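Geometric and topological summary
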Amino acid sequence: MKKLFAACIMLVVFSGCGKDPAVPADYLGGGVLKDSSIYFPQNYVLSVSKPNPTAAEALKPVIITCHGYSASTYEWSEFRAWSAGQTDYLISNVLLAGHGTTYDEFKNSTWHHWQASIKAEYNKLKAAGYKNINFAASSTSCPLLLDMVHEGFFNTASSKVRIFLIDPVIIPSNKSLSLVGIVGPVLGYVESKDEAGEQKFYYHYRPQETLQQLQSLLNVVRTELQSGFSLPQNVYMKVYKSKKDPTADPVSAVLIYNGLKTAAGTPIDLEMINSSLHVFTRLNLVPNVTAADRANQLYTFNDIVMRIF
Amino acid sequence: MKKLHLICLCVCCAYVTPAQQPILDVGLRLQQTINLYNENGFSIAWSPAKKRHDKLYLGFSYATSRLGSAFHSNAIKQDNLLVSGAWFLRRNHIIRPFGRINTGLFNASYGNKLFDDLPSKSLLLSPDVGISFETNHPLKIATSFGYNLITGDGLSGPGTLFPAYYQLTLSWNIYQPRGNNKEAAAIKKKW
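Residues numbered from 1 in each chain as written. Chains lettered and ligands numbered in written order. Predicted model: local features only at pLDDT ≥ 70, side-chain atom pairs only at ≥ 80, totals over all residues.

1. Quick word on the overall build of chain A
The helix and strand tally for chain A stands at twelve helices and ten strands. In terms of overall size, chain A behaves like a compact globule, its C-alpha atoms giving a radius of gyration of 20 Å where 309 residues would be expected to give roughly 19 Å. Burial statistics for chain A: of 309 residues in total, 45% are counted as buried. Considering only residue pairs separated by 6 or more positions, chain A has 76% of its internal contacts joining residues 24 or more positions apart. (Helix = DSSP H or I, 4+ residues; strand = E, 2+ residues; numbered from the N terminus. Rg over C-alpha atoms; globule rule 2.2 N^0.38 Å. Buried ≥ 20, exposed ≤ 12 C-beta atoms within 10 Å, placed from the backbone. Contact = placed C-beta atoms within 7 Å.)

2. Structural notes on the pairing of strand 8 (residues 164-173) of chain B
All names here are of chain B. Relative to strand 8, strand 1 (residues 23-33) is paired through nine bridges, and the arrangement is antiparallel. The partner of D25 across the bridge, within strand 8, is N173. Relative to strand 8, strand 7 (residues 139-147) runs antiparallel, the two sharing nine bridges. Across the sheet, S144 pairs through a bridge with Q167, a residue of strand 8. (Pairing = 2+ DSSP bridges.)

3. Notes on the sheet that holds strand 1 (residues 61-66) of chain A
All names here are of chain A. The strand order across the open sheet formed by six strands is 2-1-3-4-8-10, and the pairing between neighbours is parallel. Only two strands of the sheet have a single neighbouring strand rather than two, namely strand 2 (90-94) and strand 10 (269-273). On average, adjacent strands in this sheet sit at an angle of 15° to one another, irrespective of strand direction. Here strand 3 (residues 132-138) runs beside strand 4 (residues 161-166); their pairing, made up of four bridges, is parallel. Looking across to strand 4, one finds that F135 is bridged to I163. Each of strand 1, strand 3, strand 4 and strand 8 (235-242) touches helix 8 (residues 141-150); the most contacted strand, strand 3, lies at about 135° to it. (Axes fitted to C-alpha atoms, helices over the stretch in contact; angles between N-to-C directions.)

4. A closer look at the nonpolar core
In this structure, I64, A137, L145, I163 and L165 of chain A are the most contacted members of the largest nonpolar core, which totals 87 residues. In this view, A137 of chain A contacts C66, C142, L145, I163, L165 and I166 of chain A; residues no more than four positions away in its chain are not counted. (Core = buried A, V, L, I, M, F, W, Y, C linked by C-beta atoms within 7 Å.)

5. Overview of unusual backbone geometry
Residue and element names in this part refer to chain B. Although it is not a glycine, N35 sits at a positive phi angle of roughly 65°. Tracing the backbone shows N35 in the loop between strand 1 and strand 2 (38-47). On the neighbour-count criterion, N35 (21 C-beta atoms within 10 Å) is buried. Of note, N92 is a non-glycine position whose phi angle comes to about 70°, a positive value.

6. Concerning helix 11 (residues 251-259) of chain A
Residue and element names in this part refer to chain A. Most of helix 11 is tucked away: nine of the nine residues are buried. For helix 11, the full list of buried residues reads V251, S252, A253, V254, L255, I256, Y257, N258 and G259. Looking at the packing, one finds that the buried side of helix 11 touches helix 10 (208-227), strand 8, strand 9 (260-261) and strand 10.

7. Thoughts on the interface of chain B and chain A
With 24 residues of chain B in contact, the opposing surface of chain A contributes 24 residues. Within the side of chain B that touches chain A, the residues separate by chemical class into twelve nonpolar, ten polar and two charged. (Nonpolar A, V, L, I, M, F, W, Y, C, P; charged D, E, K, R; others polar.)

8. Some remarks on the packing of helix 8 of chain A against helix 10 of chain A
All names here are of chain A. Contact pair helix 8 / helix 10: the axes reach a minimum separation of 10 Å and the direction vectors enclose 45°. Relative to helix 10, the element helix 8 is oriented oblique. Taken as a pair, helix 8 and helix 10 cross one another with a handedness that is left-handed. Within the contact between the two elements, helix 8 uses P143, L146, D147 and H150 and helix 10 uses L217, L218, V220, V221 and E224. Class assignment of the residues belonging to the contact of helix 8 with helix 10 gives a composition of six nonpolar, one polar and two charged. (Parallel < 35°, antiparallel > 145°, perpendicular 65-115°, else oblique. Left-handed = near helix turned anticlockwise from the far one by under 90°.)

9. Some thoughts on the pairing of strand 6 (residues 121-134) of chain B
Residues and elements named next belong to chain B. Looking at chain direction, strand 5 (residues 95-109) and strand 6 are connected through 13 bridges and run antiparallel. Within strand 6, the position partnered with G104 by the bridge is L124. Here seven bridges tie strand 6 to strand 7, and the two strands are oriented antiparallel to one another. Opposite I131, over in strand 7, you have T143 as the bridge partner. Linking two consecutive strands that pair antiparallel, namely strand 6 and strand 7, is a turn of four residues.

10. Section: the environment of S227 of chain A
By the element assignment, S227 of chain A lies in helix 10. C-alpha separation for the pair S227 of chain A and G259 of chain A, spaced 32 residues apart in sequence, amounts to 7.0 Å.

11. Notes on the sheet that holds strand 6 of chain B
Residues and elements named next belong to chain B. A barrel is described by the order of its strands in space; here eight strands give the closed sequence 1-2-3-4-5-6-7-8, paired in antiparallel fashion. Averaged over all neighbouring strand pairs, the angle between strand axes comes to 25°, with direction disregarded. Relative to strand 5, strand 4 (residues 77-88) runs antiparallel, the two sharing twelve bridges. Within strand 5, the residue paired with S84 across the bridge is N102.

12. Section: the packing of helix 7 (residues 111-128) of chain A against helix 8 of chain A
Each pair of packed helices can be described by the angle between their axes along with the distance between the axes. All names here are of chain A. The interhelical angle for the contact between helix 7 and helix 8, taken along N-to-C directions, is 70°, at an axis separation of 10 Å. The orientation of helix 7 with respect to helix 8, classified from their angle, is roughly perpendicular. Seen along the crossing, helix 7 lies across helix 8 with a hand that is right-handed. Residues W114, Q115, I118 and K119 of helix 7 touch helix 8, and the partners they reach there are S141, L144, L145, D147 and M148.

13. Brief notes about the confidence of the model for chain B
Residue and element names in this part refer to chain B. Taken over all residues, the pLDDT of chain B has a mean of 87, while the share at 70 or more is 83%. Taken together, the stretch residues 6-18 has pLDDT below 50 and engages in eight contacts with residues farther than four places along the chain or on a different chain. Across the interfaces of the predicted complex, the ipTM metric reaches 0.87, alongside a pTM of 0.90. (pLDDT = per-residue confidence, 0-100.)

14. Concerning the environment of N132 of chain A
Residue and element names in this part refer to chain A. Topologically, N132 is positioned in strand 3. Exposure remark for N132: the 19 C-beta atoms within 10 Å place this residue in the partly exposed category. Residues N132 and I63, 69 residues apart in the sequence, show an inter-C-alpha distance of 8.6 Å. Excluding residues within four positions of it along the chain, N132 makes contact with L59, K60, P61, V62 and S159.

Below, the structure is given as structure tokens:
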């Protein structure tokens, strides 16, 4: 009986290990669909489209947008569309490593790879001569940027850097993530409950390896915030947090507010938004969008742009 | 004078017949939530003198991040008040498995009015199973793994109420005399 029980356990464990889903071709990750910024980087990535800015262009504010876990540049497509036609500032849409491509590439990526994509674009723009580089980050990109601040990445920046965090995650709403180290290897992957059409822009199948990476990142940044750190003199930060975020627990805002201070030792700017969406600035494909949701989005886009000049 | 003799007799009887005494374990509770905070506090557990002696334990414990992760840090200050009922197996053995049901209250303090809209209180309900190490001394070491059946998602419950935790309790039976207790020693030699 004991042997049978042990065999069953081993079967469950090993049947889960290494199990990959059959990703449909019309889903992101299936090997056919990829993020548009991979095919047309010149339309998304500023270091590709304007590697040699003129003196006037170099002085224009740049906003590097960074998306969340399992997402793609689509998450900031509405901000791009909203900004279309204006000439006062420039946008660079970063695609995090492992994202927007194939399931296997995602599975093999780590949070350090995700972060490296943000650093690489910032460094390229800085080297190209851009003087006013800022960030608009959503969800998982927020802890990636917080970790960059903590490690002193911006300490030597010669100009002001403004960082806007939309619905940052430090604590996930789904507390099962805290057990991914135990149950993840058995499960192999997790399917997300996405809305119709989102499968083309968000990974529907999430490898447990990447969920472990996410948990690892959150632990690192939570511990950094727990010890406390300050923004460098030249860095400004504002957090926008949905009060009823169903994905990134709203208590994440408490941890950031308590753990991070300005260079002067004062609290950072933080605004709790009356919304029940995660990444409330992305409304495309979200069902039942209200007028209040649109107002929140517009307010935040305007607020970000107003602060970069 | 007779009364005094009677009291002395009762006390002496109580000392030489340890199995007839209730047990009152008082001690420290050290708790670690998986992928979150360390929360410490105290624990009290009582077992009746006669029926279900040393098998049924009723307890009260308090664990807080104030004495753990939030001590001199920016971690959220949160408190867990628990009452529990436990059943211990293998009486008179050194290693004793046990199961326990806990219920109580959870409260988190966010420290700023900005967060007044966020849920901060919750009921607690968790089973835990573990092993207790007991010697012939009043010292008892119990470790267990627990699972909160009620967790918080930040919408209907506090976001720092996580599911899984493990804990270590170091307790002292204040009714058991220290030093030579030959009768107790004779009973509790089995592993």
